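# Descriptive structure summary
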Amino acid sequence: MSVKPRFAFLSSDGILHLHDEEHAAQHGKHVQTSLTDDESGFPIVEGQGVVYYAKEDKAYINGNESDGKLISTPPVLKQLAAELL
């Protein structure tokens with residue numbers, strides 16, 4: 001987990017990631033966020049890393065769409081994705 005400013009972007013497959021500004025800028029459109037990220041660059045919401053597929057509006061914890069637990073999409077992630085789409 002980083003304490004440096006984090007920037008959200010969508011990967012080519014529509015997954016929301018957080019990284020430093022230099023890395024995020026390499027992916028095109030990006031926005032600063034107050035969220036922190038886990039060791040894989042996924043946003044942490046309520047203490048858990050969340051893999052969010054913006055185009056499908058599906059969020060998973062403890063893994064991704066193939067092995068994670070589907071949860072209700074946290075509103076903060078929907079808002080970030082709306083700024084990026």
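For the structure, see preceding data.
Read on for a plain summary of the structure. (Residues numbered from 1 in each chain as written. Predicted model: local features only at pLDDT ≥ 70, side-chain atom pairs only at ≥ 80, totals over all residues. Heavy atoms only, no water.)

### Remarks on the packing of aromatic side chains
In this structure the tally under the stated criterion is 1 aromatic pair. Summarising the aromatic geometry, the rings of tyrosine 53 and tyrosine 60 are spaced 5.7 Å apart at their centres and angled 90 degrees between planes, so their arrangement reads as edge-to-face. We note that tyrosine 53, like tyrosine 60, is buried. (Phe/Tyr/Trp six-rings, centres within 6.5 Å; stacked < 30°, edge-to-face > 60°. Buried < 20%, exposed > 50% of the residue type's maximum accessible area, 1.4 Å probe, protein only.)

### Some words on the sheet that holds strand 5 (residues 48-53)
Each strand in a sheet pairs with its neighbour through backbone hydrogen bonds, running either in the same direction (parallel) or in the opposite one (antiparallel). Taken together, 4 strands build an open sheet; the order of strands is 4-5-6-7 and the sheet is antiparallel. Strands with a single pairing partner mark the edges of an open sheet, and in this sheet they are strand 4 (44-45) and strand 7 (69-71). The pairing of strand 5 with strand 6 (residues 58-61) spans 4 bridges and is classified as antiparallel. Bridged to tyrosine 52 within strand 6 is alanine 59. (Pairing = 2+ DSSP bridges. Helix = DSSP H or I, 4+ residues; strand = E, 2+ residues; numbered from the N terminus.)

### A look at the nonpolar core
Of all hydrophobic cores here, the largest spans 16 residues; its most connected members are Ala8, Leu16, Val50, Tyr52, Leu77, Leu80 and Leu84. Going through the elements one at a time, strand 1 (6-10), strand 2 (16-19), strand 5, strand 6 and helix 2 (75-84) are the ones with two or more residues in this core. With 4 residues, helix 2 is the largest single contributor of residues to this core. For alanine 8, the contacting residues outside a window of four places in its chain are Leu16, His17, Leu18, Lys29, His30, Val31, Thr33, Leu80 and Leu84. Among the nonpolar cores identified, the runner-up in size contains 5 residues, and Ile15, Phe42, Val51 and Tyr53 belong to it. (Core = buried A, V, L, I, M, F, W, Y, C linked by side-chain atoms within 4.5 Å. Contact = heavy atoms within 4.5 Å.)

### Describing the sheet that holds strand 1
In spatial order, the strands read 2-1-3; together these 3 strands make up an open sheet with antiparallel pairing. The sheet is open, and its two borders are formed by strand 2 and strand 3 (31-33), each paired with just one other strand. The mean angle between the axes of side-by-side strands here comes to 40 degrees, regardless of whether they run parallel or antiparallel. The sheet contact formed by strand 1 and strand 3 spans 3 bridges and is antiparallel. What sits directly across from alanine 8, in strand 3, is valine 31. (Axes fitted to C-alpha atoms, helices over the stretch in contact; angles between N-to-C directions.)

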